[in-house]
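Examining the three-dimensional arrangement
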2 protein chains.
Amino acid sequence: MDIRIKIGIRLKELRNEKGLSQEKFSFICELDRTYIASIEQGKRNVSIANIEKIAKALDMSVYQFFKSDLFK
Amino acid sequence: MDIRIKIGIRLKELRNEKGLSQEKFSFICELDRTYIASIEQGKRNVSIANIEKIAKALDMSVYQFFKSDLFK
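Here we summarise the structure given alongside this text. This one's a predicted model, so the numbers in the text were calculated from it and none came from an experiment. Residue positions are counted from 1 within each chain, in the order its sequence is given. Written order determines the labels here, with chains lettered from A and ligands numbered from 1. A pLDDT threshold of at least 70 governs which residues receive local features in this predicted model, and a stricter bar of 80 or more applies before side-chain atom pairs are shown or counted, although totals over entire chains, interfaces and linings include all residues. Values shown for side chains rest on all heavy atoms present in the structure; no hydrogens or waters enter the calculation.

A closer look at the relation of the copies chain A and chain B
Alignment of copies: least-squares fit on C-alpha atoms of residues with pLDDT of at least 70 in both copies. Note on the copies: chain A fits chain B at an RMSD of 0.0 Å, the axial shift is 0.0 Å, and the rotation between them is 180°. Accordingly, the operation relating the two chain copies is best matched by a two-fold axis. Among all residues of chain A, the minimum C-alpha distance to the rotation axis is found for A:S47, at 2.0 Å. Whether two residues are in contact is decided by their heavy atoms, any of which lying within 4.5 Å being enough. A shared interface surface links the copies, since 100% of the contact residues of chain A are contact residues in chain B too.

Some details on a nonpolar patch on the surface
A patch consists of residues exposed above 30% relative accessible area that lack any salt bridge, with like charges linked at up to 9 Å and nonpolar side chains (Val, Leu, Ile, Met, Phe, Trp, Tyr) linked at up to 5 Å. Accessibility throughout is a Shrake-Rupley quantity obtained with a 1.4 Å probe, and a residue counts as covered only by protein chains that appear here. The salt bridge criterion pairs a side-chain nitrogen of Lys or Arg with a carboxyl oxygen of Asp or Glu, the two atoms within 4 Å. On the surface, A:M1, A:I5 and A:I9 cluster together into a nonpolar patch covering about 280 Å² of accessible area. Mapped onto the secondary structure, A:I9 falls in helix α1 (residues 3-17). In this description a helix means any DSSP run of H or I spanning at least four residues, a strand means any run of E spanning at least two, and both kinds are numbered starting from the N terminus.

Some remarks on unusual backbone geometry
All names here are of chain A. We note that E30 has phi near 55°; this positive angle belongs to a residue other than glycine. Secondary-structure assignment places E30 in the loop between α2 (22-29) and α3 (33-40). The backbone of D59 shows a phi angle near 60°, a positive value even though the residue is not glycine. Tracing the chain through its elements places D59 in the loop between α4 (48-57) and α5 (62-66).

Everything listed here is a matter of coordinates, which is why it stays silent on function.
Here it is in structure tokens:
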């Protein structure tokens, strides 16, 4: 599976666990809502700086973000 | 510490553990040697697709790449 798809699945899963809408989440991580949407659609080759922003907005470390069978 | 610095430290550490020069390593992961050098200098906001290439060249998963106190 393409890594971009995996990132999208993981983000959606974690965002939903937090009970956050894309809109609320994008506000917290200071990224555009359409950008968050396209990440979740597996369309983005996200940079590590944005992964870090996303992880922080999810109250987790970058290590925890990647701690999923998707990335093992 | 900036995430780009952390990525650089981690890559250099793992590449050295493998006993690979930057030149040999860049050949294995099909990325330019100067690009690898600048990642190790903490200058690059690396994309997840390139992190995956780097992890594969190190014979590890993306999860294992981030399994370091640097990212916890």
